[in-house]
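# A structural walkthrough
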Amino acid sequence: MLPQIQLVIPELVLLCLASIALVLDTYSTSKNKVLTFRFVQISLLIVIALIFVVSPDTQEYAFNNHFISDPMSVVLKLVICIISLVVFFYSYEYLKEHENVKGEYFVLGLFAVLGMMIMSSAASLLTIYLGLELLSLSLYSMIAMHKDSLTASEAAMKYFVLGALASGMLLYGISMLYGVTGVLDLQGISSFANAGVDADMNIMLVFGLVFIVVGIAFKLGAVPFHMWVPDIYEGSPTAVTLFISTAPKIAAFAMTIRLLSDGLQDLLSDWQGMLIILSLLSMAVGNIIAISQTNIKRMLAYSTIAHVGFFLLGIISGTASGYAGSMFYIIVYAIMSMGSFGMIIFLGKKGYEADQLDDFKGLAKRSPWYAFIMLILMFSMAGIPPLIGFWAKWFVIKEVVAMGYVWLAAVAVVFSVIGAFYYLRIIKLMYFDEPDEMLAIKASRELRLVLSVNGMVILILGFIPGALMALCLSALS
Amino acid sequence: MITQYIFYFFAALLIIAAGMVVTVRNPVHAALFLVLAFFSTSAVWLMLEAEFLAIVLILVYVGAVMVLFLFVVMMLDINLVPMREGFARFLPVGIIIALLMAIAMGSVFTAIYFNGAHLDVVTPTATDVNNSRELGKLLFTEYLYPFEIAGAILLVAIVAAISLTLRTGRSKKTQDPSAQVSVKRADRVRMVKMKSEKKSG
């Protein structure tokens with residue numbers, strides 16, 4: 001009898017459902033693949049329900065310490081599934097409008113979700129790496145699937161090559177850790193490092209750690225490993241950019257916590273310094289280069305880099321409450337990013353991507369309500385109270401100050417002010433400029449509804465940040 | 001004693017072949033050197049009593065992957081001259097970075113850990129141990145979960161490869177035998193009623 005197999009039921013069911021979706025897709029004859037899409041949506045709902053049912057409140061291991069189910073993994077898996085559900089909806093609207101719906105897109109999307117769930121509850125180096133590869137491979141092919149678009153092919157190629165390089169770095173670090181400790185599970189590595197190692201061993205651990213941090217930074221898109229982010233965000237179809245910028249970021253958070261906290265918490269003083277450099281550079285480069293962008297997808301890519309810098313602040317603090325702050329930040333970022341790319345999809349139409357800043361000119365006259373939604377999104381990204389983006393920045397900066405890095409907090413605030421410029425510029429374009437042409441916005445009723453709800457969630461969460469924060473804290477305690 | 005000489009022979013062969021892979025100009029030669037590198041690696045593994053892995057390396061990598069690789073290299077006929085442009089221009093920067101990396105990594109590797117004190121000597125296992133059975137046991141017990149994930153990754157790779165290369169519609173130039181067989185005379189021949197004409201001249 002397999003030990004603790006019930007813990008893995010959500011993943012198992014998702015794998016089965018994704019395989020069924022693959023077969024079902026061949027029977028979906030309609031041009032819009034309604035059958036596949038609905039089935040994928042229902043699959044995600046089933047998995048969400050299963051996570052609620054089977055997950056224990058305590059920390060439990062399964063499959064010879066390759067799998068862990070703890071409060072953090074449960075919360076992250078739920079968030080990943082819910083966000084993917086909404087993301088697939090936005091993507092479907094986009095693909096339908098551009099008459100490019102492919103059933104495989106959603107099947108691969110499900111496999112990507114599976115990869116993220118595996119990463120969230122990975123308890124060994126092997127599982128982390130395999131989960132990451134499952135996610136990345138699905139993402140590469142989701143971009144490359146748009147064969148007729150030259151920019152998409154280029155983006156897929158760049159993503160593939162750089163992603164392979166990053167995986168190589170991570171694997172090199174993993175092999176170093178394995179070579180020194182002789183174990184693959186994070187628990188074992190943690191107890192090895194905790195038992196006190198001599199200087200020889202320690203330098204080898206740090207040597208492996210450097211490569212692991214590089215791998216993580218690559219996947220997060222932190223400076224100086226950020227080169228791929230703008231090109232891939234701009235080149236990919238908006239539907240895929242939307243996906244890349246949301247749920248995988250949460251999985252990257254899970255990977256960071258698993259490796260740095262679960263595995264190498266004892267090397268805190270070593271990775272703290274590395275992360276401070278990454279964080280400072282990310283905030284600086286992201287916020288400053290974003291100012292000169294005219295393509296909104298590219299601008300949001302640099303904004304992602306800047307947000308990653310902020311997100312790292314919570315990890316730098318090295319405490320459970322700091323990690324909770326980072327978790328809060330990354331979840332909030334995913335919701336905001338989802339809304340922003342949702343707006344680009346909302347404004348676009350067949351054969352036309354609304355990805356220039358000028359496309360937002362005079363939006364308040366064309367559609368006051370959606371201009372207001374965009375206003376909320378941009379204010380929240382800029383971190384203006386009382387919106388949720390403000391609280392996200394507040395929690396991580398508070399943690400950094402509590403750890404005594406007041407100068408780091410001050411720098412973060414300065415860059416946050418610089419960053420406010422390019423968010424506010426969009427608001428200026430929407431409210432104070434005249435539209436180039438008064439085109440009616442052609443978007444389905446469902447898209448309007450989901451986008452409105454997305455905006456409202458940011459507004460409402462801003463008034464009750466405590467609830468989400470309590471959830472994050474309980475997940476990491 | 002003789003095994004040591006064999007080891008050094010294959011290890012040297014491996015290093016030379018690996019070096020040639022990145023230095024030779026002709027990509028076909030590079031691919032063939034990679035085959036040699038795989039071959040000598042598998043010989044080294046064989047001496048470590050990992051015979052299953054050694055055979056798999058030959059069968060899978062040399063037999064399948066590299067042959068495919070060679071096909072692609074030969075069919076694409078890539079002109080490497082434009083790719084080598086700027087080589088001299090970036091060489092100084094490259095050398096500096098490579099040197100820095102070599103010094104940094106060398107200082108870690110040479111100094112302490114790899115002086116032999118931490119390394120285990122491989123002891124020969126009993127002759128009745130079956131390598132592939134032991135591997136299989138591990139794969140399906142301790143490493144079952146990662147093994148299954150690897151299966152899912154392969155499935156994704158298949159789905160992606162097919163969806164990326166499958167062309168449908170006009171660009172697809174395949175025959176449909178069932179349509180060919182079930183064709184009727186009416187589909188091909190059109191009867192045209194014409195008035196009979198007088199023979200001219």
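Residues numbered from 1 in each chain as written. Chains lettered and ligands numbered in written order. Predicted model: local features only at pLDDT ≥ 70, side-chain atom pairs only at ≥ 80, totals over all residues. Heavy atoms only, no water.

The next point concerns the layout of surface pockets. Residue and element names in this part refer to chain B. For the largest pocket, the calculated volume is near 1,200 Å³. As for the largest pocket, its lining consists of 22 residues, of which L53, V56, V60, Y61 and A150 are closest to the centre. For the lining of the largest pocket, the secondary structure elements donating two or more residues are helix 3 (51–76), helix 6 (131–140) and helix 7 (144–165). Ranked by the residues each element gives to the lining of the largest pocket, the list is headed by helix 3, at eight residues. By residue class, the composition of the lining of the largest pocket is 19 nonpolar, three polar and no charged. Taken domain by domain, the makeup of the lining of the largest pocket includes at least three residues from each of domain 1 (1–79) and domain 2 (131–164). (1 Å grid on protein atoms, 1.4 Å probe; cavity = no way out; pocket = protein on both sides within 12 Å on 5 of 7 lines; lining within 4 Å. Points joined across faces, edges and corners; volume = space filled by probe spheres on them. Helix = DSSP H or I, 4+ residues; strand = E, 2+ residues; numbered from the N terminus. Nonpolar A, V, L, I, M, F, W, Y, C, P; charged D, E, K, R; others polar. Domains from an automatic or database assignment.)

Residues and elements named next belong to chain A. Per the counting criterion, the structure on display carries four cavities of 30 Å³ or more. Considered as a void within the structure, the largest cavity measures approximately 200 Å³ in volume. Lining the largest cavity are 18 residues, with L132, Y159, K219, W228 and P248 positioned closest to its centre. Counting residues per element, the lining of the largest cavity draws most heavily on helix 5 (residues 125–144), which supplies five residues. In the lining of the largest cavity, the residues fall into 14 nonpolar, two polar and two charged. Size it by volume and the second largest cavity reaches roughly 50 Å³. Along its surface, the second largest cavity is lined by 13 residues, and N287, F310, M381, K393 and Y423 are the ones closest to its centre. Elements that contribute at least two residues to the lining of the second largest cavity include exactly helix 13 (296–317), helix 16 (368–382) and helix 18 (406–432). It is helix 18 that contributes the most residues to the lining of the second largest cavity, six residues altogether. When the residues that make up the lining of the second largest cavity are grouped by side-chain class, the tally is eight nonpolar, four polar and one charged.

All names here are of chain A. Scanning all chains against the criterion turns up 14 salt bridges over all chains. K77 serves as the salt-bridge partner of E11, at 2.9 Å between the closest nitrogen and oxygen. Here E11 is found in helix 1 (residues 9–27), whereas its partner K77 is found in helix 3 (residues 71–97), with 66 residues between them in sequence. Its relative accessible area of 4% is what places E11 among the buried residues. Take K77: its relative accessible area is 4%, and that puts it in the buried class. Where D262 meets R258, a salt bridge forms, and the shortest distance between an N and an O atom there is 2.7 Å. You can see D262 and its partner R258 sitting in helix 11 (residues 247–263), four residues apart, about one turn around the helix. Its relative accessible area of 0% is what places R258 among the buried residues. (Salt bridge = Lys/Arg side-chain N within 4 Å of Asp/Glu carboxyl O. Buried < 20%, exposed > 50% of the residue type's maximum accessible area, 1.4 Å probe, protein only.)

Turning our eyes to something else, we now look at helix 7 (residues 186–194) of chain A. Residues and elements named next belong to chain A. Those residues of helix 7 that sit buried are L186, G188, I189 and A193. Down the axis of helix 7, the sector holding all buried residues measures 160°, keeping them to one side. On its buried side, helix 7 packs onto helix 5, helix 6 (150–181), helix 8 (199–220) and helix 11. (Arc of directions from axis to C-beta. Contact = heavy atoms within 4.5 Å.)

Moving on: the packing of helix 5 of chain A against helix 11 of chain A. Residue and element names in this part refer to chain A. Where helix 5 meets helix 11, the axes come as close as 11 Å, and the angle between the chain directions of the two elements is 165°. Here helix 5 lies roughly antiparallel to helix 11, going by the angle between them. Between helix 5 and helix 11 lies a crossing of left-handed hand. Packed against helix 5, whose contacting residues are L125, I128, L132, L135 and L139, the element helix 11 presents P248, A251, M255, R258 and L259 at the interface. Considering only residue class, the contact of helix 5 with helix 11 consists of nine nonpolar, no polar and one charged. (Axes fitted to C-alpha atoms, helices over the stretch in contact; angles between N-to-C directions. Parallel < 35°, antiparallel > 145°, perpendicular 65-115°, else oblique. Left-handed = near helix turned anticlockwise from the far one by under 90°.)

Further remarks concern the environment of A:F395. Residues and elements named next belong to chain A. As for its placement among the helices and strands, F395 is situated in helix 17 (residues 388–402). The spatial distance from the C-alpha of F395 to the C-alpha of G314 is 8.0 Å, given a sequence separation of 81 residues. Contacts of F395, omitting those with residues within four sequence positions, involve G325, F328, P465 and M469.

Turning our attention to helix 8 of chain A. Residues and elements named next belong to chain A. Under the 1.5 Å per step criterion, the end-to-end length of helix 8 is 31 Å for 22 residues, consistent within 8% with the ideal 32 Å. Most of helix 8 is tucked away: 17 of the 22 residues are buried. Taken from the residues just after helix 8, G221 is the one with a positive phi, measuring 85°. (Expected span 1.5 Å × (residues − 1).)

What follows deals with the interface of chain B and chain A. Bring the parts together and some accessible area is lost; that lost area is often taken as the interface size. Opposite the 24 residues of chain B that make contact, chain A presents 37 residues. Of the roughly 2,800 Å² buried between chain B and chain A on both sides combined, carbon and sulfur atoms contribute 80%. Counting across the interface, chain B meets chain A through zero salt bridges. Where chain B packs against chain A, one counts three residue pairs in polar contact (both at pLDDT 80 or more). At the level of elements, helix 5 (87–111) and helix 7 of chain B are the ones that each hand at least two residues to the side of chain B that touches chain A. (Buried area = accessible area lost by both parts, 1.4 Å probe. Polar contact = N/O pair within 3.5 Å; in protein donor to acceptor, adjacent residues only side chain to side chain.)

Residues and elements named next belong to chain A. By the element assignment, D433 lies in the loop between helix 18 and helix 19 (445–463). D433 gets classed as buried once you look at its relative accessible area, which sits at 16%. Those residues in contact with D433 that sit more than four places away from it in its chain are K361, G362, K365 and K428.

Turning next to the environment of A:L300. All names here are of chain A. Along the chain, the position of L300 falls in helix 13. Classification of L300 by relative accessible area gives buried; the value is 2%. Sequence separation between L300 and A166 is 134 residues, and the spatial gap between their C-alpha atoms is 22 Å. The contact partners of L300, leaving out residues within four places of it in the chain, are Y233, S340, F341, I344 and M381.

A grouping of B:I55, B:L59, B:V60, B:Y61, B:V65 and B:F69 is seen on the molecular surface, where their side chains present a nonpolar patch of about 540 Å² in accessible area. In this structure B:Y61 comes out as partly exposed when scored by relative accessible area, which is 38%. (Patch = residues over 30% accessible without salt bridge, like charges linked within 9 Å, V, L, I, M, F, W, Y side chains within 5 Å. Areas by Shrake-Rupley, 256 points an atom, 1.4 Å probe, with all protein chains shown as cover.)

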